[in-house]
Amino acid sequence: MASDERLRAIEETMRSQLPTTAASREQISLWSVLKQSVGKDLSRLTVPVVFNEPLSFLQRLGEYMEYSDLLRLADEQDDAVKRLEYVTAFAVSTLASNRDRLSKPFNPLLHETYELDRLEDLGFRFVCEQVSHHPPISAFHADGPAFRFYGSIYPKLKFWGRSIDCQPKGILTLELTKRNEVYTWMPINCSIHNLVMGKMYIDLHGTLEVICHSNDLSVKVHFKSSSSWLGKEANHIEGYIVDKSKKKLRALYGDWSEFLASCGAETFEANFAAWDKERKEHKEKKQPVVGTGGGHSPPPARRFSTTDMLSSPEPPEDIGMPLVHCKSTKVSSGKKRCDKLDRALASPRRSTCLMLTSPTGSGTCSKITHLSVLPLLTGSTVLWRVRPRPPISEQFYHFTLFAMALNEMNTNGRAPLPPTDSRLRPDVRLMEDGNIDGAATEKHRLEEKQRDTRTTLKKVKQDPHKAPSWFTQGPHPFVKDQDTWHFNGCYWNRDWSNSEYIF
Ligand SMILES: CC(C)CCC[C@@H](C)[C@H]1CC[C@H]2[C@@H]3CC=C4C[C@@H](O)CC[C@]4(C)[C@H]3CC[C@]12C
């Protein structure tokens, strides 16, 4: 693995924002666009480009890998329950970037691909291909020194007038290769509310069941559905790790957009009610120190300097007190504690512990732009916490820093991309550059081109369903009666002689 300095060097070469800010949608009513489609599958519907984000759905799937470090941590645990804890934290972390992301990624064209080779700095490489057009199915495969993570998603979207329901189909599989362990889970359901009136928000709901097929440990993480974006249950998740006999071994709880912690099952049962009450009260009070958005005027900024901070050699593991979360533009590598900040907090009587995380996890601390308190149950271990989004995120489709770099052309002396890579899509690129009309024209042209290719192939009696290049469908190796898409591994030979320019 690369040294810290090397890591930082790579990180600094990546862009931290898009070329232009998002265009305003105020002029267009989403309702007028969607009203003909009530009750229909949205995959065939095109929305005006302003309701898109400048990423293809394949690139969006690349965001699953933002916290791939959790897989290294999982692999390092000698205790099977702890491994499942980190795997579950990873599964939850793949969902975090959905918060406030209320734009539609571009529908991938058939056989479009996307690669994310971060083997050198982040320890994984990822490939995704659009393997089917109707229904739209995207298959992906990622690997690293200790894992393989693969699956497919068919994001089934239904429009209900005031909301959109998404019941994605597919299965996600994680293999910890050195441990010979296999985990699976299904994508979680989600809804987008208040399309017509009120503040739009995204709600993830249902149960995320992570099963370890090698030792019969499993966990059902329940995602509470919230009735409004202010809802006290909003984003709350909880569940128990159980063994074969359903004996509760550990409790997991958190917020899919912020953190996942674990504690003893008895602690959770005995203290949850009291803690939950406190948490809800806290949620009502919770206010960012510097505005994180909502379009309202932010409260006055408070600044803290680096000298206010005491370094702690080790990140606090068991934190039986509230955690303060700082969003900072830059933070020095490692995690730092600060007790002086106690006084700055809303509830001065609490003992508090400050953990600083930067959007990238490294850099030097210059200013803190956001503070929030995470209440935790006594004796908890924080398995995962979200990296704060950059302050400019709001103007850039609420992208995380990780997302900002996904469509970057920077190949930095790397091997050339295949002609099917999402980064070469002219419509997404134009949108990113702020040319909405140009993007709309190109998007239309690509869709027509795709249709024409299919008709021509049919005319010359060729199979219009040319097989995907890098994946084949077949039975799941570990789950009965379940199909999955298998990566053939050839992608990384980087031979594009059979890849057509689809854009
Ligand atoms: C008209 C506009 C506003 C519609 C916007 C629809 C957007 C928000 C929809 C379209 C496709 C959706 C995604 C489809 C599939 C999944 C996998 C699931 O496990 C988590 C949610 C996630 C990642 C969805 C998030 C929301 C999503 C990106």
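Remember, predicted model here, so these are calculated numbers, not experimental data.

(A) The arrangement of the overall build of the protein in detail. The secondary structure content of the protein amounts to 9 helices and 25 strands. Relative to its 503 residues, the protein shows a buried fraction of 53%. Contacts in the protein between residues far apart in sequence, at least 24 positions, make up 64% of those at least 6 positions apart.

(B) Structural view of the environment of Tyr201. In this structure, Tyr201 sits in strand β12 (residues 201-212). Taking the relative accessible area as the measure of exposure, Tyr201 reaches 9% and is therefore buried.

(C) Fine view of the environment of Asn410. Residue position: Asn410 is located in the loop between α7 (401-404) and α8 (426-432). In this structure the C-alpha to C-alpha distance between Asn410 and Pro391, which are 19 residues apart in sequence, comes to 23 Å.

(D) Geometry of the nonpolar core. Counting 80 residues, the largest nonpolar core has Phe126, Phe149 and Trp185 as its most contacted members. Per element, the largest residue contribution to this core is 8 residues, and it comes from helix α5 (residues 80-93). With residues near it in sequence (within four places) discarded, Phe149 still touches Tyr64, Met65, Phe90, Phe140, His141, Ala142, Leu172, Thr173, Leu174 and Trp185. Core analysis: the next-biggest nonpolar cluster, separate from the first, contains 14 residues, Val242, Ala251, Cys263 and Val382 among them.

(E) Quick peek at the pattern of salt bridges. Tallied over the entire structure, the rule returns 25 salt bridges. Put simply, Asp69 and Arg72 hold a salt bridge, and the shortest N to O gap is 3.0 Å. Residue Asp69 and its partner Arg72 are located together in helix α4 (residues 69-76), separated by 3 residues, close to a single helical turn. Assessed through its relative accessible area of 37%, Asp69 is described here as partly exposed. Between Glu432 and Arg429 there is a salt bridge, with its nearest N and O atoms 3.0 Å apart. Residue Glu432 and its partner Arg429 are both found in helix α8; the two are separated by 3 residues, about one turn of the helix. Residue Glu432 shares its accessibility class with Arg429, and that shared class is buried.

(F) Examining helix α9 (residues 436-459) more closely. For α9, built from 24 residues, the straight-helix expectation of 34 Å at 1.5 Å per residue is met to within 8% by its first-to-last C-alpha distance of 35 Å. Check the buried side of α9 and you find it contacts β1 (52-56), β2 (104-106) and α8.

(G) How the structure looks around the state of the cysteines. Going through the model one piece at a time under the given rule, you end up with 0 disulfides. Here Cys128 stays free of any disulfide, with the sulfur of Cys166 as its closest cysteine sulfur at 15 Å. Unpaired in this structure, Cys166 has its nearest cysteine sulfur neighbour in Cys190, at a distance of 4.2 Å. Given the relative accessible area of 10%, Cys166 is considered buried.

(H) Seen up close, α5. With 14 residues, α5 extends 20 Å between its outermost C-alpha atoms, agreeing within 8% with the 20 Å of an ideal straight helix rising 1.5 Å per residue. The element α5 is largely enclosed, with a buried count of 12 among its 14 residues. Along α5, the residues classified as buried are Val81, Arg83, Leu84, Glu85, Tyr86, Val87, Thr88, Ala89, Phe90, Ala91, Val92 and Ser93.

(I) Fine view of the side chain of Gln450. Here Gln450 is to be found in helix α9. Setting aside chain neighbours within four positions, we find Gln450 in contact with Leu109, Leu110 and His133.

Procedures and definitions
- Residues numbered from 1 in each chain as written.
- Predicted model: local features only at pLDDT ≥ 70, side-chain atom pairs only at ≥ 80, totals over all residues.
- Heavy atoms only, no water.
- Helix = DSSP H or I, 4+ residues; strand = E, 2+ residues; numbered from the N terminus.
- Buried < 20%, exposed > 50% of the residue type's maximum accessible area, 1.4 Å probe, protein only.
- Contact = heavy atoms within 4.5 Å.
- Core = buried A, V, L, I, M, F, W, Y, C linked by side-chain atoms within 4.5 Å.
- Salt bridge = Lys/Arg side-chain N within 4 Å of Asp/Glu carboxyl O.
- Expected span 1.5 Å × (residues − 1).
- Disulfide = S-S within 2.5 Å.

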